[in-house]
Amino acid sequence: MLRNMCLIGIIATFINGFAAKVDKSVNITVDGVKRSYWLYVPDNCSKNAPVVFALHGASGHSTDKSPHFNPIADKEGFIVVYPQGEPIYFPVFGGTVTGWDATGEANKDVDFIKAILDEIDKNYGINRNRVYCCGFSNGGMMTYAMSNACSDIFAAFASISGFPLNEFHFRHTGTRPIPFLHIHGKNDDFVKYSLMPVIRDEIVARNGACPVAKKTTVTGKYDKSVYEATEGGFPYIYYEIDGMGHNDFTTNTEDGSSSLTMWNFFKKYTLNTSCDNTLKWMPRIEEEGFDPSQHGFTLNSGTMVLLFGDEKQTADNHNVYHSLQFDKGKYRLTFKSSGPAGKKLTVRVRRWSDNAKDVLNTTVNVGEDASLDFDVENGWGQYRLTIKKESADDKITVSELKIISTDSGESAISLPSITGNALPIKYYSLSGTPLGKPERGMSICLMPDGTVKKIIQLGK
């Protein structure tokens, strides 16, 4: 009897968790190339566990285990993967060091990370809806790249001291909006802190988030800006750290650990968290307190009502500039306008290239809601949006700019409402902020069975 009970206990251990900690380098062959990653699985980590990919910086190694998550994984029960980058030429170093091909396109590094995920899932039975990506420096650049190339694989993203610059111009055309948290030192003059506002602007518009942040300042530690999600999108959260240079860790967050702050952000999201998969760009230029001219827009200049996407690479901007981008596909531009009746606006969307080409060139009546379809045929590219009026004297404004993809059909914003007697175990606002009770309007609810639903609170 005792023997049978012991055997049952051993079987139960393997069913519900893993027998021992795993903390080792693992070799893997991807597309005929031998590569490696460091794998950390805590003691008795449960089946269906979340996974965090942590990407080292340029010249780094998987043995750096950076950004650092192992102690947090021990407490929270998730698996950590530290992939090893391959030698790559970096102009900033004038040579070749280990790192990531952070272009935002499908490439060998993307294939490598996908292959690791498949292998871990095969061996450990992970929760594929709770896989997260973060990185330091060039690893942070790769995280931004993965948010474009693999937004359908990773549920949320975070970067510390890293954003796309130089040869890695930011691409933000992925399959869905992206929950993203960024941590940057105010003294970072390598991956320049001074360039972060453009990166912030691009993600905020990509997510359709509110461009006017709710800001918290803790003197001597950090400024935290929360660009809250609106319906269908996700938030962008930005920490500016006092006294921090180009580092992969700081204690100057409200959690006392940048890695713990990342994890606390990650765990709010799954791939099932509702969003509008059609949303591509919604800058919300009419938001009270927002000055579009400080964020890449030209407004009301001569006959130009609005221009966006006219910036290019210079030595000063390090290839970090505002850009309107599209992949191959079908799109719809919508906006509202107000001004004198009977006036017309000319709307153009034009690709940047040696052989520049309009993908949209039409007129609309002032005061009528515009809904304009256009096709992009030549793969990824950068575009300029212009809206012009007939006379510089006409007082015309535009608002509610939005571009969606029409390839994928209807919006994916809908969530099942709560039915039956089951009560949620957690409530969240649309920005992902935990709530003690539902807010007025729509709140997101985590149910006891792990599903995500919505609740409409009509009272005060």
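Along each chain, residue indices are assigned from 1 in the same order as the chain's sequence is written. Restriction of local features to residues with pLDDT of at least 70 applies here, the model being predicted, together with a cutoff of 80 or more for giving and counting side-chain atom pairs; totals for whole chains, interfaces and linings are based on all residues. Only hydrogens and water are set aside when side-chain values are computed; all heavy atoms of the structure are taken into account.

### Digging into the sheet that holds strand S17 (residues 329-338)
Then step 1. The four strands are arranged S13-S22-S17-S20 in an open sheet whose pairing can be described as antiparallel. The open sheet terminates on both sides in strands that have one partner only, identified here as strand S13 (279-281) and strand S20 (370-376). Taking the axes of each pair of neighbouring strands and ignoring which way they run, one obtains an average angle of 30° across the sheet.
Then step 2. As judged from the two bridges shared by S13 and strand S22 (residues 397-405), these two strands associate in the antiparallel manner. Strand pairing is assigned whenever DSSP identifies at least 2 bridges connecting the two strands. Put simply, DSSP H or I for four residues or longer makes a helix, DSSP E for two residues or longer makes a strand, and each gets a number counted from the N terminus. To obtain an axis, a line is fitted to C-alpha atoms, over the contacting stretch when the element is a helix, and the angle between two such axes runs from 0 to 180 degrees between their N-to-C directions.

### Focus: the sheet that holds strand S11 (residues 222-227)
Then step 1. Pairing within the open sheet is mixed, and its 10 strands lie in the order S1-S2-S4-S3-S7-S8-S9-S12-S11-S10. The open sheet is flanked by strand S1 (22-30) and strand S10 (214-218), the only strands paired with a single partner. Pairwise comparison of adjacent strand axes, ignoring direction, gives a mean angle of 15° for this sheet.
Then step 2. When strand S3 (residues 51-55) meets strand S4 (residues 79-83), the two strands line up parallel, connected through three bridges. Along S4, the bridge assignment pairs Phe53 with Val81.

### A short note on the packing of helix H3 (residues 108-124) against helix H4 (residues 138-149)
Then step 1. One way to put it is that H3 packs onto H4 with a least axis distance of 11 Å and a crossing angle of 80°. Comparing the axis directions of H3 and H4 gives the class roughly perpendicular. Taking contact as the criterion, the partners of Asp109, Val110 and Ile113 in H3 are, on H4, Met142, Met146 and Ala149.
Then step 2. Charged means Asp, Glu, Lys or Arg here, nonpolar means Ala, Val, Leu, Ile, Met, Phe, Trp, Tyr, Cys or Pro, and polar covers whatever is left, Gly included. Looking at the contact of H3 with H4 residue by residue, the classes come out as five nonpolar, no polar and one charged. By the definition adopted for this analysis, an angle is roughly parallel if under 35 degrees, roughly antiparallel if over 145, roughly perpendicular if from 65 to 115, and oblique otherwise. Pairs of residues are marked as contacts when any of their non-hydrogen atoms sit within 4.5 Å.

### Considering the packing of aromatic side chains
Then step 1. Centres within 6.5 Å are what make two rings of Phe, Tyr or Trp a pair, Trp counting through its six-membered ring; a difference in plane orientation under 30 degrees is then read as stacked, over 60 as edge-to-face, and the rest as tilted. By the definition in use, this model includes 24 aromatic pairs.
Then step 2. Each residue in the set Phe53, Tyr144, Phe154, Phe157, Phe170, Phe180 and Tyr236 is aromatic and connected to the rest through ring pairs, giving one cluster.
Then step 3. Lysine and arginine charges are scored as sitting over a ring when NZ or CZ, respectively, is within 6 Å of the ring centre and within 35 degrees of the ring normal. The lysine or arginine in question, Arg35, covers the ring of Phe112, its NZ or CZ lying 3.9 Å from the ring centre.
Then step 4. The ring of Trp352 has Lys312 sitting right over it, with the charged end atom 5.7 Å from the ring centre.

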